[in-house]
Amino acid sequence: MKNFELFVEEVVNKWRLEKKTILESAGLGKPSNRENGDLAEDYILQKIINLKPNYQAVKSKGSQTPSDIYSVARRNGYWHIMLIQVKSSTNKNMIYNLTENDKKTFDELAKFIKTQIGISDYMTNYRKSAVIISNGYVGVYKNENGRTIKHTIVETKAFKIFKKNTTKLDISNVKKNVAIAHKL
């Protein structure tokens with residue numbers, strides 16, 4: 001998707017200006033350990049880039065929205081925008097799980113992106129395209145064993161899909177493909 005990275009930057013900036021109170025009340029933008037979070041996000045970013053079909057992926061600068069990673073791929077007849085919130089811990093049993101309020105805020109972001117596709121100058125070529133926006137979660141365990149650090153995915157969850165111009169799509173097939181993508 002041409003201009004996807006510029007579109008993400010625009011969305012992040014608008015979200016911070018227009019939706020600041022929603023983000024702050026949900027707490028999704030306040031990681032307890034930024035360095036560990038960045039390493040886990042880099043690990044997941046690489047996993048997404050290695051998916052088939054090929055996804056273009058970008059990290060949200062400073063985790064200023066409910067999505068840490070924005071990615072997009074051309075699927076069979078539609079564009080799939082996949083939003084991922086990454087949580088990590090050095091304790092496998094203490095990885096933060098999103099609350100219902102967190103998930104509602106994440107849904108708000110997906111809806112916001114859907115509206116921005118229709119008005120962003122970067123998305124002019126895609127306004128009439130079929131687009132699926134999905135949001136999900138990845139829990140990452142950071143295993144520090146002596147001098148080596150190994151990241152492992154402990155849990156993945158796909159939450160919801162949001163549809164734009166999808167009347168000609170087989171939604172049950174779309175849901176299967178989206179679920180597979182979210183498993184990384």
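Bear in mind the structure is a predicted one, so any value in this text is a computation, not a measurement.

1. Quick look at the sheet that holds strand β2 (residues 69–75)
- The strand order across the open sheet formed by five strands is β1-β2-β3-β4-β5, and the pairing between neighbours is mixed. Each having just a single partner strand, β1 (56–59) and β5 (148–164) make up the two edges of the open sheet. In this sheet, neighbouring strand axes are inclined to one another by 20° on average, regardless of whether the strands run parallel or antiparallel.
- Taken together, the 11 bridges between strand β3 (residues 78–89) and strand β4 (residues 131–145) define a ladder with parallel strand orientation. Across the sheet, residue Ile81 finds its bridge partner in β4, namely Ile133.
- This element, helix α1 (residues 4–18), spans β1, β2 and β3 of the sheet and lies at about 140° to β2.

2. With respect to the packing of α1 against helix α4 (residues 100–119)
- Two elements in contact, α1 and α4, have axes separated by 11 Å at closest approach and are oriented at 120°. Here α1 lies oblique to α4, going by the angle between them. Note that α1 runs across α4; the crossing there is right-handed. Contact with α1, carried on its side by Phe7, Val11, Lys14, Trp15 and Glu18, involves Thr105, Glu108, Leu109, Phe112, Ile113, Gln116, Ile117 and Ile119 of α4 and no other residues of that element.

3. Comments concerning α4
- For α4, which comprises 20 residues, the first-to-last C-alpha distance of 29 Å matches the rise-based estimate of 28 Å (1.5 Å per residue) to within 8%.
- Listed in full, the buried residues belonging to α4 are Asp102, Thr105, Phe106, Asp107, Leu109, Ala110, Phe112, Ile113, Gln116 and Ile117.

4. Points about α1
- With 15 residues, α1 ought to run about 21 Å at 1.5 Å a step, and its terminal C-alpha atoms sit 20 Å apart, in line with that.
- Inspection of α1 places Phe4, Phe7, Val8, Val11, Val12 and Trp15 among the buried residues, and these make up the whole buried set. Down the axis of α1, the smallest arc covering the buried residues is 135°, so these residues share one side.

5. Brief notes about unusual backbone geometry
- The residue after Lys52, namely Pro53, is reached through a cis peptide bond having omega 0°.
- Turning to its location among the elements, Pro53 is positioned in the loop between α3 (34–49) and β1.
- The phi torsion at Asn165 lies on the positive side, around 55°, for a residue other than glycine.
- On the secondary structure map, Asn165 appears in the loop between β5 and α5 (171–183).
- Although it is not a glycine, Leu184 adopts a positive phi angle of roughly 55°.
- Within the secondary structure, Leu184 is located in the segment after α5.

6. Overview of the packing of aromatic side chains
- Enumeration over the complete set of coordinates arrives at three aromatic pairs.
- Residues Trp15 and Phe112 carry aromatic rings whose centres are separated by 5.6 Å and whose planes lie at 70° to one another, so their mutual orientation is edge-to-face. Here the residue Trp15 occupies a position in helix α1, and Phe112 occupies one in helix α4, the gap between them amounting to 97 residues. Residue Trp15 shares its accessibility class with Phe112, and that shared class is buried.
- Over the ring of Tyr137 we find Lys157; its NZ or CZ atom is 5.6 Å from the centre of that ring.

Reading guide: rules and limits
Residues numbered from 1 in each chain as written. Predicted model: local features only at pLDDT ≥ 70, side-chain atom pairs only at ≥ 80, totals over all residues. Heavy atoms only, no water. Pairing = 2+ DSSP bridges. Helix = DSSP H or I, 4+ residues; strand = E, 2+ residues; numbered from the N terminus. Axes fitted to C-alpha atoms, helices over the stretch in contact; angles between N-to-C directions. Contact = heavy atoms within 4.5 Å. Parallel < 35°, antiparallel > 145°, perpendicular 65-115°, else oblique. Left-handed = near helix turned anticlockwise from the far one by under 90°. Expected span 1.5 Å × (residues − 1). Buried < 20%, exposed > 50% of the residue type's maximum accessible area, 1.4 Å probe, protein only. Arc of directions from axis to C-beta. Phe/Tyr/Trp six-rings, centres within 6.5 Å; stacked < 30°, edge-to-face > 60°. Lys NZ or Arg CZ within 6 Å of the ring centre and 35° of its normal.

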